[in-house]
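# Per-entry structural report
Each chain, letter by letter, is given below.
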Amino acid sequence: MQVADLIAARIQRGELQPGAPIPSEKTLQQDYGVARGTARQAVRVLRDRGLVITVPQRGTYVKP
């Protein structure tokens with residue numbers, strides 16, 4: 001939840017604009033020192049909150 005909250009805050013501050021990709025799961029792992037499952041869960045939480053959309057084989061982007 002903490003990683004999801006940090007990314008959500010970046011979206012709300014405008015650091016991540018609509019249509020911009022969010023950091024990859026691997027980048028989230030490295031930047032926040034979390035396990036792969038934790039990074040995946042953070043992306044899932046952001047998707048559930050309606051903040052991002054995932055395009056298969058393309059990545060996850062801030063929702064317009």
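Before reading further, recall that the structure is shown in the block above.
Residues numbered from 1 in each chain as written. Predicted model: local features only at pLDDT ≥ 70, side-chain atom pairs only at ≥ 80, totals over all residues. Heavy atoms only, no water.

## Notes on the overall build of the chain
Scanning the chain for helices and strands turns up three helices and two strands. Helices (α) and strands (β) of the chain occur, in sequence order from the N terminus, as α-α-α-β-β. Relative to the 2.2 N^0.38 estimate, which gives 11 Å for 64 residues, the radius of gyration of the chain is 11 Å and therefore close to what a compact globule would have. Each principal axis of the C-alpha distribution contributes one length, and for the chain these read about 30 × 25 × 20 Å. Every one of the 64 residues in the chain was classed for burial, and the buried ones make up 27%. By sequence separation, contacts in the chain at least 24 residues apart represent 49% of the contacts at least 6 residues apart. In the form shown here, the chain has an accessible surface area of approximately 4300 Å², with 49% of it arising from carbon and sulfur atoms. Side chains of the chain give 10 positive and 5 negative charges; the mean places of these two sets differ by 6 Å. (Helix = DSSP H or I, 4+ residues; strand = E, 2+ residues; numbered from the N terminus. Rg over C-alpha atoms; globule rule 2.2 N^0.38 Å. Buried < 20%, exposed > 50% of the residue type's maximum accessible area, 1.4 Å probe, protein only. Contact = heavy atoms within 4.5 Å. Areas by Shrake-Rupley, 256 points an atom, 1.4 Å probe, with all protein chains shown as cover. Lys, Arg positive; Asp, Glu negative; His and termini not counted. Charge placed at Lys NZ, Arg CZ, Asp CG, Glu CD.)

## Quick notes on the pattern of salt bridges
On inspection of all chains with the given rule, the structure shows four salt bridges. Note that Asp 5 and Arg 49 form a salt bridge whose closest N and O atoms lie 2.6 Å from each other. Residue Asp 5 is found in helix α1 (residues 2-13), and its partner Arg 49 is found in the loop between α3 (36-48) and β1 (52-55); the two are separated by 44 residues along the sequence. Residue classification places Arg 49 among the partly exposed residues on the basis of a relative accessible area of 37%. Put simply, Glu 25 and Arg 40 hold a salt bridge, and the shortest N to O gap is 3.3 Å. Of this pair, Glu 25 sits in helix α2 (residues 25-32) while Arg 40 sits in helix α3, and the two are 15 residues apart along the sequence. With a relative accessible area of 38%, Arg 40 lands in the partly exposed category. (Salt bridge = Lys/Arg side-chain N within 4 Å of Asp/Glu carboxyl O.)

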